[in-house]
Structures are given as C-alpha cells and as structure tokens.
Amino acid sequence: MNIGIIAHNSKKSLIEDFCIAYKGILQKHEIYATGTTGRRIEEVTNLHVHKFLAGSLGGDKQFTEMIARNDMDMVIIFYSPTMIDPHEPNVDEIVSCCDQYTIPVATNIATAECLILALDRGDLDWRESMKENTAI
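Residues numbered from 1 in each chain as written. Predicted model: local features only at pLDDT ≥ 70, side-chain atom pairs only at ≥ 80, totals over all residues. Heavy atoms only, no water.

Engineer: What should I look at first to understand the packing of aromatic side chains in this one?
Structural biologist: How two aromatic rings sit relative to each other is given by the distance of their centres and the angle of their planes. Under the criterion given, the structure shown has four aromatic pairs. Here F18 and Y22 contribute two aromatic rings whose centre-to-centre distance is 5.0 Å and whose plane-to-plane angle is 50°, an arrangement assigned as tilted. Looking at F18, the relative accessible area reads 2%, which means it is buried. Owing to a relative accessible area of 15%, Y22 belongs among the buried residues under this scheme. Seen from their ring centres, F52 and F63 are 5.1 Å apart, and the 65° between their planes marks the pair as edge-to-face. You can see F52 sitting in the loop between β3 (49–51) and α4 (59–68) and its partner F63 sitting in helix α4, a full eleven residues away along the chain. Accessibility expressed as a relative area gives 0% for F63, which makes it buried. A connected cluster of aromatic rings, assembled from ring pairs, spans F18, Y22 and F78. (Phe/Tyr/Trp six-rings, centres within 6.5 Å; stacked < 30°, edge-to-face > 60°. Buried < 20%, exposed > 50% of the residue type's maximum accessible area, 1.4 Å probe, protein only. Helix = DSSP H or I, 4+ residues; strand = E, 2+ residues; numbered from the N terminus.)

Structure below.
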C-alpha cells in the first residue's frame with residue numbers, strides 16, 4: 001500500500017522516531033513524503049522514500065493530487081495546530097481531500113499508531129477493492 005507522510009518542522013523528530021519504531025511495518029509498503037521529511041526518514045531508517053517537493057514548494061499539492069487519483073492508501077500528518085506557518089504544508093487541504101476520497105488519515109501520534117497497527121493486521125485491505133472499483 002502507498003503511505004503518505006508529512007511532518008511540519010517542529011514534528012520532524014517525532015516522525016523520525018515513529019518511522020524507526022514502525023520500520024518493520026513500513027518496509028512492506030511504499031512510502032511517499034514531502035522533501036525534507038522524506039530525506040530525514042531515509043537517513044534514520046534506510047527505507048526508500050518517494051519524495052515530493054518540500055511542502056511549501058508544492059509538495060502538499062502533489063500529495064492531494066495523488067489522493068484525488070486514489071493512489072494514496074493512508075496518510076500520516078504530524079503538525080503543530082497552534083503554529084500556522086505559510087511555509088508549511090496545508091494540513092486542512094490534505095485532510096479535507098482524504099475525507100473526500102475516503103483515505104484513512106492520522107494527524108497525531110495516537111491515531112498514527114492505530115492506523116499503522118491496523119495496516120499490519122490487514123484491516124486496511126479494503127483499500128485494494130476501492131482502487132479496483134475506481135479503475136473501472
């Protein structure tokens with residue numbers, strides 16, 4: 001499955017720790033991330049990450065385009081809701097797009113852990129049939 005990962009600058013260390021902790025699960029899937037986040041995940045885990053542009057340079061748009069094509073199966077976004085910064089990816093737009101296209105999305109460590117463990121158990125296998133139905 002295709003997993004999208006985005007982290008605002010203040011949450012980069014947290015996403016690194018998350019990816020280290022769940023490397024065994026993540027390595028079974030395709031990982032997509034905005035530029036700096038993707039690079040940092042690769043450095044700490046040695047996982048291959050498909051990197052978009054930096055969020056502020058259009059990486060968030062690349063994310064939403066992939067979601068709209070039904071090519072993203074799960075999204076994890078770690079952000080600081082109290083810090084609105086125009087140089088960070090547009091979280092509201094990405095979450096709204098996930099809701100519109102029925103893509104599971106986590107915006108904090110608690111829901112991210114629930115989703116990643118559900119993915120490992122096979123609870124998100126329904127995404128495969130969703131992709132088949134939209135391809136017809």
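Engineer: Would you take a moment to explain the packing of helix α1 (residues 12–21) against helix α3 (residues 35–45) for this structure?
Structural biologist: Describing two packed helices takes the angle between their axes plus the distance from one axis to the other. As a packed pair, α1 and α3 sit with axes 9 Å apart at the nearest point and diverge in direction by 45°. Relative to α3, α1 is oriented oblique. The hand of the α1/α3 crossing is right-handed. Judged by residue contacts, K12, S13, I15, E16, C19 and I20 of α1 engage T36, T37, R40, I41, V44 and T45 from α3. (Axes fitted to C-alpha atoms, helices over the stretch in contact; angles between N-to-C directions. Parallel < 35°, antiparallel > 145°, perpendicular 65-115°, else oblique. Left-handed = near helix turned anticlockwise from the far one by under 90°. Contact = heavy atoms within 4.5 Å.)

Engineer: Honestly, the side chain of N2 in this entry has me stumped. Any pointers?
Structural biologist: Among the structural elements, N2 can be located in strand β1 (residues 2–7). For N2, a relative accessible area of 14% puts it in the buried group. At 2.7 Å, the side chain of N2 forms a polar contact with the backbone oxygen of D71. Setting aside anything within four residues of it in sequence, one finds N2 in contact with E30, Y32, M66, D71, M72, D73 and M74. (Polar contact = N/O pair within 3.5 Å; in protein donor to acceptor, adjacent residues only side chain to side chain.)

This is a description of form; function is not addressed.
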